[in-house]
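Residue strings, one per chain:
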Amino acid sequence: MTLKRVEPSVFVILGATGDLTKRKLVPALFRLRKYVDPGTRTFVLGVGRKPELDDDAFRAWLKEAVAETGEAEDGIDQWIDQHVRYHCMEETDVSSCRSLGERLGALEEEQDLPGNRSFYLSLPPSRFVPTIEALGESGLAQSPGWTHLVVEKPFGRDLASAQALNRTVHRWYDESQIYRIDHYLGKETVQNLLVFRLANAIFESLWNRSHVESVQILVAEELGVETRAGYYDKTGALRDMVQNHLAQLVSLVAMEVPATIDAESIRYEKIKVLRSMSTPSATDVVFGQYGPGENGSGPDAGYLDEPGVGVASTTETYVSLRLAVDSWRWQGVPFYVRTGKRLPKRLTQIAVTFRQPPVCLFESMGSCLLHSNVLLITLQPDEGFALYFDVKAPGEPLDLRTLPLSFRYEDAFEKIPDAYETLLRDILEGDQTLFVHSDEVEASWKLFEPLLGGDREVHRYPAGSWGPEEATRHFVRGAPETLQPASG
Ligand code: BG6
């Protein structure tokens, strides 16, 4: 596959000495070279504040850093030598940004590039606004070719800050230049949700309140807060996962069929979903925080004992919500959404539970033997689909068993690209479909912001368990084992 639309450009990473550059961005840009027309060149200009680095020292650091992450592949060192440069500056300073513009101009002239530029803000969120202002003031929001601005999450920490950030962005850039990252949208299986729904008539015709009883979305993480307490303790699971990743998953599952498969139509339908939900009431939300517990290989510290966490922190590491989408399609169908850290395993699943037949014809000793049909979409790990249905167990007495008809990506395809590979390709191609629109961000904050403050109870759960007992009221009977964590 050759992507003809990718034009030569410079990919400027602001905050280039951070983790993301070595773990995700540079390995992804390297892998993308194979899809790109051989005449097309993408240069990387890493921008950082370390004066001790120059081009050579940055490249040497980068090669070693990429190797340490385990992301190195044959040829990446040579690619780094040929395509990567370093520029030291304070990114929030207007005159430094002007010098950056001169450096870019010189690089483009030297390499005969047309002046297309992406600016990737891989920075702490507190630096987003001053950096965007400095880029804008210095004239870098426009360039001789196209200019794309890429903003990492979190996009604001509440509605007011997200609106303020959007205002700053829009002061200098048109919405068509903005790429707000939610890496869940780059996951192959998440994108496949659309193909699955819209390319297969059998599913789309059942995708509504007449046939669906409930939808459950689980994003379970085995890891705890690790070394990120500085960020996480001020953030919590609602801001870190629900407002963005889970809201996006709900939108993709619940959206109406778009007129066409382009960024504008898809984003329009996703925004409608967010706007048709209302903030859940207190009884429909359960917050949790992990306490000490056990994993298979030994004890796990509780959240309060993690390095950098405040002694009396009430930050939630778990959220379970019952959401309602007030649309013709979904009226009365609950969407149970939950996520947590230090759960028994890493698992992201969507389960669509279908209604049972109106009359039960198969009974044993007065009780109905039917189980609900469930469509289980596993987004990670072990990506795939399974449709559970009832079959007769051989012999007598009559017994029904639920068995899956399933498909695993691993069995059918070679390798699933990393989300960043997909997202960076789209940034270079100018395709905004998998990026979040300003209206989506604001609609999502409107929905979840009321849950951030106030007197909320945060329940303890042991590390390595499926979350607080109080959340069991959000679990659906009849779902496959992994989605009934109350019992597992
Ligand atoms: C990030 C969150 O956005 O997503 C992390 O900040 C979380 O806290 C991560 O661990 C989960 O991503 P994935 O791709 O591993 O499911």
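Residues numbered from 1 in each chain as written. Predicted model: local features only at pLDDT ≥ 70, side-chain atom pairs only at ≥ 80, totals over all residues. Heavy atoms only, no water.

Asker: Which residues make up a nonpolar patch on the surface, and what are the values?
Answerer: Taken together, the side chains of Leu198, Val257 and Ile261 make up a nonpolar region of the molecular surface, amounting to roughly 250 Å² of accessible area. Relative to the helices and strands, Val257 resides in the loop between helix H10 (236–254) and helix H11 (263–275). (Patch = residues over 30% accessible without salt bridge, like charges linked within 9 Å, V, L, I, M, F, W, Y side chains within 5 Å. Areas by Shrake-Rupley, 256 points an atom, 1.4 Å probe, with all protein chains shown as cover. Salt bridge = Lys/Arg side-chain N within 4 Å of Asp/Glu carboxyl O. Helix = DSSP H or I, 4+ residues; strand = E, 2+ residues; numbered from the N terminus.)

Asker: Mind laying out the environment of Pro292, listing which residues take part and the relevant values?
Answerer: Relative to the helices and strands, Pro292 resides in the loop between strand E8 (285–291) and strand E9 (293–295). With relative accessibility at 52%, the residue Pro292 sits in the exposed group. Among all residues touching Pro292, those that are not within four sequence positions of it are Asp300, Ala301, Gly302, Arg460, Pro462 and Ala463. (Buried < 20%, exposed > 50% of the residue type's maximum accessible area, 1.4 Å probe, protein only. Contact = heavy atoms within 4.5 Å.)

Asker: Explain the sheet that holds strand E2 (residues 42–48) to me, and be specific about the residues and the numbers.
Answerer: In any sheet, the strands associate via hydrogen bonds between backbone groups, in a parallel or an antiparallel arrangement. The strand order across the open sheet built from 6 strands is E3-E2-E1-E4-E5-E6, with neighbouring strands paired in parallel fashion. With one partner strand each, in any of the chains shown, strand E3 (84–88) and strand E6 (178–180) form the two edges of the open sheet. For this sheet the average axis-to-axis angle between neighbouring strands, irrespective of direction, equals 20°. The pairing of strand E1 (residues 9–14) with strand E4 (residues 117–121) spans 5 bridges and is classified as parallel. Across the sheet, the residue bridging to Leu14 is Leu121, located in E4. (Pairing = 2+ DSSP bridges. Axes fitted to C-alpha atoms, helices over the stretch in contact; angles between N-to-C directions.)

Asker: Lay out the packing of aromatic side chains with the relevant residues and their values.
Answerer: Considering all chains together, one arrives at 16 aromatic pairs under this definition. Feature note: the residues Phe196, Phe203, Phe385, Phe407, Tyr409 and Phe413 constitute an aromatic cluster, connected by ring pairs. The ring of Tyr184 carries the charged tip of Lys187 above its face, separated from the ring centre by 4.6 Å. If you follow Arg342 out to its NZ or CZ, it ends over the ring of Tyr290, 5.9 Å from the centre. (Phe/Tyr/Trp six-rings, centres within 6.5 Å; stacked < 30°, edge-to-face > 60°. Lys NZ or Arg CZ within 6 Å of the ring centre and 35° of its normal.)

Asker: Go over the pairing of E3, please, and point to the residues and values.
Answerer: Of all the 5 residues making up E3, 4 are buried; the element is thus mostly covered by neighbouring parts of the structure. Looking at chain direction, E2 and E3 are connected through 5 bridges and run parallel. The residue bridging Gly46 from the neighbouring strand is Tyr86, located in E3.

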